[in-house]
Every structure is written in structure tokens, then in C-alpha cells.
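Take a look at the letters that make up each chain.
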Amino acid sequence: MHVNALQNCLLLGLAISQFQPALTQETPPSQCATGVHAILMRGQGPGDHLNVMVSVQNLVLQLIPGSSSVALPYSHGADDHRVAASNGTYMMQDYIRSYVASCPDSKIFIIGYSLGGVAMMDGLCGTSSQWLFKVPAIEPHFNQNVIAAVSYGEETYVPGLSYDHGTCTDGTGIYPRIHPEWCDPFLSSIRSYCDEGDGSCCFRFLPPITDPAHFLYIFRYNMEVIQFVQQRLKATQSQ
Ligand SMILES: *[C@@H]1O[C@H](CO)[C@@H](O)[C@H](O)[C@H]1NC(C)=O
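Below, the structure is looked at part by part.

Rules used in this analysis
- The numbering scheme is per chain: residues are counted from 1 as the chain's sequence reads.
- Residues qualify for local features only when their pLDDT is at least 70, as the model is predicted, and side-chain atom pairs are given and counted only at 80 or more; totals for whole chains, interfaces and linings, by contrast, use all residues.
- Hydrogens are left out, water is left out, and the side-chain values use all remaining heavy atoms of the structure.
- Helix and strand definitions follow DSSP, with helices as H or I runs of at least four residues and strands as E runs of at least two, each counted in order from the N terminus.
- Exposure was quantified through the Shrake-Rupley algorithm and a 1.4 Å probe, taking into account, for residues, occlusion by the shown protein chains and nothing else.
- Every helix has an expected span of 1.5 Å times one less than the residues it contains.
- In this analysis the local bend is the angle between axes fitted, respectively, to the seven residues ending at and the seven residues starting at the residue.
- Exposure categories follow from relative accessible area, calculated using a 1.4 Å probe and restricted to protein chains: below 20% of the type maximum is buried, above 50% is exposed, and the middle band is partly exposed.
- Note on pairing: two strands pair once DSSP finds at least 2 bridges between them.
- Crossover handedness is defined here as right-handed if the route from the first strand over the helix to the second strand goes clockwise, with the strands pointing away from the viewer.
- As defined here, a cavity is a set of points on a 1 Å grid over the protein atoms alone where a 1.4 Å probe fits but cannot get out. A pocket is an open set with protein on both sides within 12 Å along at least five of seven lines, and residues line them when an atom is within 4 Å of a point.
- Grid points are joined across faces, edges and corners, and a volume is the space filled by probe spheres set on the points.
- Residues are sorted three ways: Asp, Glu, Lys and Arg are charged, Ala, Val, Leu, Ile, Met, Phe, Trp, Tyr, Cys and Pro are nonpolar, and all the rest, Gly among them, are polar.
- Every residue pair with non-hydrogen atoms within 4.5 Å of one another is taken to be in contact.

Scanning the protein from N- to C-terminus turns up 5 helices and 6 strands. When the helices and strands of the protein are read in sequence order from the N terminus, they spell out α-β-α-β-α-β-α-β-β-β-α. Element-wise, carbon and sulfur atoms account for 60% of the exposed surface of the protein, whose accessible area totals about 10700 Å².

Right, let's talk about helix α5 (residues 217-235) for a bit. Under the 1.5 Å per step criterion, the end-to-end length of α5 is 25 Å for 19 residues, consistent within 8% with the ideal 27 Å. M223 marks the point of greatest bend in α5, at about 30°.

This paragraph deals with the pairing of strand β2 (residues 68-71). The side chains of a regular strand alternate, residue by residue, between the two faces of the sheet. Where burial is concerned, the two faces of β2 agree: the one with S68 and V70 and the one with S69 and A71 are both buried. By the bridge criterion, 4 bridges tie strand β1 (residues 37-41) to β2 in an arrangement that is parallel. Note that in β2 the partner of L40 across the bridge is A71. In the classification by handedness, the crossover that spans β1, the intervening helix α2 (residues 54-63) and the parallel β2 is right-handed.

The volume enclosed by the largest pocket comes to roughly 230 Å³. Lining the largest pocket are 15 residues, with G43, Q44, S114, H214 and F215 positioned closest to its centre. Looking at the lining of the largest pocket residue by residue, the class counts come to 6 nonpolar, 7 polar and 2 charged.

Counting through the fold element by element, Q93 comes out in helix α3 (residues 81-102). A relative accessible area of 4% places Q93 in the buried class. For Q93, the residues in contact, after removing those within four places along its chain, are D122, G123, V135, P136, A137 and I138.

On their own, these measurements won't tell you what the molecule is for.
Okay, structure coming up:
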């Protein structure tokens, strides 16, 4: 409750933040993040690339000094999940490769919400869900740079994995991940948040299908996620 109060305060207070997100991934050395570089991947739908991920961006820029951020401009407006997800997956991989080419010592934090979470996870692990277009995993050595990779309510969720967080214990995403072990190179960075009552990631074949919890992650977990990023930054400082 204290966390929520603090968070709401920060959300309101930081809406007028003076920090500017990075616009391109080719970055002059003097502008490489000394905190984290955050890649924000919104869920499916029309409109701007940041959407509710603005709440995460504000917290990163305010609470982790020397940070920068970019809202991944992938085809989140595509009607077909497969098209949107694979586009986001390839684009995220390109952004990581080009940012690290510019800033080899940088630390990257990626967060994906819903279909943006699918794209994020598939980009690191490789696609292994029925029906989704198959994209191979990014090169595993990028685990030196990607220090935190968080998803909210993502549709490839499988319960009982070491990187799972949230309250869902007996449902699965609508496109369950068949080979979660492919994520192993990034295991210490990944957290997949999925709550009971989210029919997208915690689906059970029991009508009626509702998913009010799908829309609560930013309110429930943003502060916890920022703390995780801070811990991971500390833990990887000497690398
Ligand atoms: C993804 O979509 C964007 C536009 O939304 C496009 O510019 C880009 O080429 C697409 N990338 C892939 C790999 O399909």
C-alpha cells in the first residue's frame, strides 16, 4: 500500500519530467547510458509507442541516474498477433545489437507488456510456441549487456518456472512456451509477472474468460521491478 501510494505520487510528479528518451540506437559514446538503457515494449493496439509504459520510463529516468530509454516502435497496431510479435522480436534484437555496438559496456533493461512481453521473451529465448511465427534467439553473449528483462502478463507464460513472478500458479498463456529452457542464457535477468485473473497469461479452459488483472501490473509491480533493476545493476557492476 505504501508502495502504491509512492508510485502514484511518482507517476503524477514525473509526467513533466525533463528527461528526453533516446531516439536512435546508434549512440555517440558520450551519450551512452551510465545507468541503464531501457527498451520499452508496449502491448498490442493503436496509438503511440510508449502507451502505459510511460509509467516505467518515468521511474527508470528518475530513480536510476544516468539512464536513457526508448519506446520500441514495432508494429504493435497489427491485427494479427503473429505479425506484431515477430516484428517486435526482430526489432528488439536489432536495437540490442546496434546499441551494444555503439555502447559495448552498456547495461540494458527491457520490459515488455502483453504482446510486447511475448516479443521480448521470444527475442531472448527464441520462439517456441505453437502458431506464433518462429524467430531464433539473439546471440547469448548479449547476456553481458541485458541485465534485466521483465514481462507483464505475457501470453507465452508457463507456471512453475524459476523466472515466474506474480500469483498465477495453475493457468498458462494462450501461446504457452514449449522450450522455456532456451531462456537459460538470460535466466538471471528474466522475470515474467503473471497474476491470477489475467486470462491472457493465466488462462484455464473455464468460462467466463475475463482478464481484469491484465491491466493492473503497472500499479502492482513497477516499484518492485525498478528495485530488481537496481539490484541487477549492482550485481553486474564489475562485469
Ligand atoms: C516492423 O515494422 C516496422 C514498421 O512498423 C517496419 O519498418 C519494419 O521493417 C518491420 N520489421 C520487420 C523485421 O518486419
